[in-house]
Amino acid sequence: MPSHGTVGGKHGGCIETRLRVNETTTRPDGATGVDGQTRADYSANLWGTLQSLLDRAKSGTYRAPPVKRVHIPKGTSGDTRPIGIPTFEDKVLQRAVVMVLEPVYEQDFLNCSYGFRPRRSAHQALDGLWQQTMGLGGGWVLEVDIRKFFDTLDRAHLRELLRHRIRDGVLLRLIGKWLNAGVLEDGSISFPDAGTPQGGVVSPLLANVYLHYVLDVWFEREVKPRLKGRAFLIRYADDFVIGFAREDDARRVLDVLPKRFGRYGLTLHPDKTRLVPFQRPPHQDSPATASERVRPGSFALLGFTHFWGRSRRGFWVVKRKTAQDRLSRALKTITHWCRLNRHQPIPEQRQTLSQKLRGHFAYYGITGNSYALSRFRAAVVHIWKYWLSRRRRCGFLSWEVFARLLRRYPLPPALAVHSVCRPVGEAVT
């Protein structure tokens, strides 16, 4: 592995500088860890507290506290995703370490990786995927799901991979302590043998380092030179797809991919990992050919379903729409909020619902997704009307009355914030 930019020597000064910068940028309203300490509590004697933290980190006496685990909904199936919440002091120290390591690893990370990297976003990953699939003419897409990646990541392999670039004992020791800190859940502390708590400040960087070596470098240097046709990889954290021009290349990689991940303690979900035929349909079909031709499939990445559709000019293009499970989850969240807050004044309800709609449009508002945005807004309007009706004794609010209310307290229109049709710099209200 390349050795340029290896982190070595003593980085006490670097960590100290980043500790002082990072405390002021850490979210003041973030969830508290096992000690219940907030940013205001931690800032009472700021400089003395930071100096004590630096001394403990450099001397090796710092003890990483357990991570508080909470569960958030995952999809609409009732499953949950475990999220770890470090203490505020742990967040400050982890962020300082990330700020030291990030510039070093940014020299190595490949262009196919987009997740949790500076100046890179999910929308850039979606644009890269669109350009690659259009340039390839569709082909075959391998949709991959790593089963419980953050819970099964092999720590021994992670430490070995980290040593390729990190020589500083202070940094390696701190990362080791965070990996072994333990998890507090339902009043009891457990010490898993594998994984890194999803939600920790340092976890995204560790995940990127792990998959950089396990997947990105392996695919670029070992797999692609052996393929007969073109191929590409788009990865956002532990979510990724691989596109192939030829079916035989795709099936060869599908056969070897579980073995590659198995060497590093990871497994692929058998039901969610699949090979999707995604060839561009011909511009025109005869009736006989159209009946025999296999229709291209669709695949999901980053909350969007990707499929072939006709453009306004009649050409086949890759289109994206909000994935059905994400749409259902968002509407379920809106319903839950309206039910709990139907007693609030209507102006306050309108303000919160407007924020939720703008947040939804800010992510899902991409080119070609206007219909799904309109569906979402219309469903939110119906949900709001339903729960406002429940405030009345008769349990009914006519559409005529509700329409007057909407004119007085309008909700934001469904706008594709990231549409290529929107002029650069145009404000979105």
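In what follows, the structure referred to is the one given above.
Residues numbered from 1 in each chain as written. Predicted model: local features only at pLDDT ≥ 70, side-chain atom pairs only at ≥ 80, totals over all residues. Heavy atoms only, no water.

1. Observations regarding the packing of aromatic side chains
As enumerated under the stated definition, the model contains 14 aromatic pairs in all. Ring geometry for Phe304 versus Tyr363: centroids 5.7 Å apart, planes at 35°, classification tilted. A residue pair is termed long-range when its members are at least 10 positions apart, and Phe304 in strand 10 (residues 304–310) and Tyr363 in helix 13 (residues 346–364) qualify at 59 residues. Taking 4.8 Å as the distance between ring centres and 90° as the angle between the ring planes, the aromatic pair formed by Tyr363 and Tyr364 counts as edge-to-face. Through a chain of ring-to-ring contacts, three or more aromatic side chains come together here, namely Phe149, Phe150, Tyr210 and Tyr264. (Phe/Tyr/Trp six-rings, centres within 6.5 Å; stacked < 30°, edge-to-face > 60°. Helix = DSSP H or I, 4+ residues; strand = E, 2+ residues; numbered from the N terminus.)

2. Regarding helix 9 (residues 203–223)
The sharpest bend along helix 9 comes to roughly 50°, located at His212. Extensive coverage of helix 9 is indicated by the burial of 18 of its 21 residues. (Bend = angle between axes of the 7 residues up to and from the residue. Buried < 20%, exposed > 50% of the residue type's maximum accessible area, 1.4 Å probe, protein only.)

3. Side note on the sheet that holds strand 11 (residues 316–322)
Read from one edge of the open sheet, three strands run 9-10-11, paired in antiparallel fashion. Every interior strand has two partners, whereas the edge strands, strand 9 (299–301) and strand 11, have only one. For this sheet, the mean angle separating the axes of adjacent strands, direction not counted, is 40°. Two strands pair when backbone bridges link them, and strand 9 and strand 10 are joined in this way by three bridges, in the antiparallel orientation. Residue pairing in the sheet places Leu301 in a bridge with Phe304 of strand 10. (Pairing = 2+ DSSP bridges. Axes fitted to C-alpha atoms, helices over the stretch in contact; angles between N-to-C directions.)

4. What about the pattern of salt bridges?
Evaluated as defined, the whole model comprises 11 salt bridges. The residue Arg246 makes a salt bridge to Asp248 at a minimum N-O spacing of 2.9 Å. The exposure class assigned to Asp248 is partly exposed, which follows from its relative accessible area of 30%. Between Arg251 and Glu247 there is a salt bridge whose closest N-O contact spans 2.9 Å. Placement of both Arg251 and Glu247 in helix 10 (residues 247–262) is noted, with a separation of four residues, approximately one turn of the helix. For Arg251, a relative accessible area of 42% corresponds to the partly exposed category. For Glu247, a relative accessible area of 32% corresponds to the partly exposed category. Linked by salt bridges that have partners in common, Lys228, Arg246 and Asp248 make up one network. (Salt bridge = Lys/Arg side-chain N within 4 Å of Asp/Glu carboxyl O.)

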